[in-house]
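A structural walkthrough
Each chain, written out:
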Amino acid sequence: MPPAHPGFPPPGQPGGVTGPSEPTLSDEQRRQRRTKRIAVAVGLAVVVLVAAGLTLIVTSGPTSTTAASPAAQRLVRAALKSTIDGGSFHYVSRFTSQGQTQTTVGDAGAFSGRQVITIGSDTFTVIVVGAACYFQGNERQMVEQLGLPVSIASSHSGQWISLSPGDAPYQSVYVAVTTRSALDANVSFAPRQETGTSRRAGYRVLGITGPMKNEIVNGQLQRAKGTANLYITTSRPHLPVEYTEKGKIDKVASTLTMTFSRWGERLTVSAPHGAVSYASLGVGNGTTPTTGPPVLTSAPG
């Protein structure tokens, strides 16, 4: 038997996910995610997945000889909106490039979320609660993701570090953890046409395909060439079940698979006990990491 199609009230109604206002992210904050994809390809850093905004997702991208189907674009918009309205979802993303794989397991809520990111033998965790975010990782990941000196990272390895908006690594750690930003950071393509129905994870789904999108990251154009597919439930509310990409980013081959489930379930995320503030580590506002911050994401990618 296929799983029951999720039904959920919108946020603010009984059973919906409520919470404090989510901090507004700038386009530049969202765009930081894409660089993680390249970091995995040329180093051993985390995948940074793109966040471009839902309207950009369905209105921009590389040119194609195939005329875009308005129906396909409407379905993508409807599926992403239904997911955001539901307030939460669970996801697993796997991004692979040059033999290196990043796996991100996350739960995204309207105003909170958590991610566990694994790259090779390293695993680290990101938690977001309202405007606050928390990072836990080993020495290497604290250096690469938070930009900490080795001496400080070694003495706080495995300890929860809390970050506030004024801290240099905050934006890149925070982005792509909550529902809207997690979708923005991962589903990045130009819908072109429907590809027919099939089954994914027990659901009857409709496939929508289109080219991967170019993105501007830190003022530089990253060229994406390849094909993306989004599989959404055929029954309403339309919801994403699986998203895939296969192609190249700046001529580096990569693949991404992201699965979605548990839409609209109540998500409880709490601040970890015993967290040490980033500001107390004696690095001032710190420096922005050069190898790419954690996904939250994004992202996967």
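Attention here is on the structure that accompanies the text.

How each quantity is defined
- Residues numbered from 1 in each chain as written.
- Predicted model: local features only at pLDDT ≥ 70, side-chain atom pairs only at ≥ 80, totals over all residues.
- Heavy atoms only, no water.
- Helix = DSSP H or I, 4+ residues; strand = E, 2+ residues; numbered from the N terminus.
- Buried < 20%, exposed > 50% of the residue type's maximum accessible area, 1.4 Å probe, protein only.
- Polar contact = N/O pair within 3.5 Å; in protein donor to acceptor, adjacent residues only side chain to side chain.
- Pairing = 2+ DSSP bridges.
- Phe/Tyr/Trp six-rings, centres within 6.5 Å; stacked < 30°, edge-to-face > 60°.
- Lys NZ or Arg CZ within 6 Å of the ring centre and 35° of its normal.

1. A look at the side chain of Asp167
- Inspection of the secondary structure puts Asp167 in the loop between β6 (161–163) and α7 (170–174).
- Judged by relative accessible area, Asp167 falls into the buried class, the value being 7%.
- A distance of 2.9 Å separates a polar atom in the side chain of Asp167 from the backbone nitrogen of Ser164.

2. So, the pairing of strand β5 (residues 132–136)
- Examined bridge by bridge, strand β4 (residues 122–129) and β5 share five bridges and lie antiparallel to one another. Residue pairing in the sheet places Thr125 in a bridge with Gln136 of β5.
- In this structure, β5 lies alongside β6, joined through three bridges in antiparallel fashion. Across the sheet, Phe135 pairs through a bridge with Ile161, a residue of β6.

3. Observations regarding unusual backbone geometry
- For the bond from Arg236 to Pro237, the omega torsion is -5 degrees, close enough to zero to count as cis.
- Residue placement: Pro237 occurs in the loop between β11 (224–233) and β12 (240–249).
- Even without being a glycine, Ala176 presents a positive backbone phi close to 80 degrees.
- Topologically, Ala176 is positioned in the loop between α7 and α8 (179–186).
- Of the residues examined, Ala176 reaches a relative accessible area of 0% and is grouped as buried.
- Located in the positive-phi region is Ala201, a residue other than glycine, with phi close to 55 degrees.
- The residue Ala201 is located in the loop between β7 (193–200) and β8 (203–211) in this model.

4. Quick word on the packing of aromatic side chains
- Scanning the model with the defined rule gives six aromatic pairs in all.
- Centroid distance Phe89 to Phe260: 5.6 Å. Interplanar angle 55 degrees. Geometry classified as tilted. Highlighted residues: Phe89 in strand β1 (residues 88–97) and Phe260 in strand β13 (residues 252–261), separated in sequence by 171 residues. Neither residue differs from the other here; Phe89 and Phe260 are each classed as buried.
- Geometrically, the ring pair formed by Tyr170 and Tyr174 is stacked, given 5.3 Å between the ring centres and 25 degrees between the ring planes. Here Tyr170 and its partner Tyr174 are both found in helix α7, four residues apart, which amounts to about one turn of the helix.
- Assessed through its relative accessible area of 4%, Tyr170 is described here as buried.
- Geometry around Tyr231 places Arg200 over its ring, the cationic atom sitting 4.0 Å from the centre.

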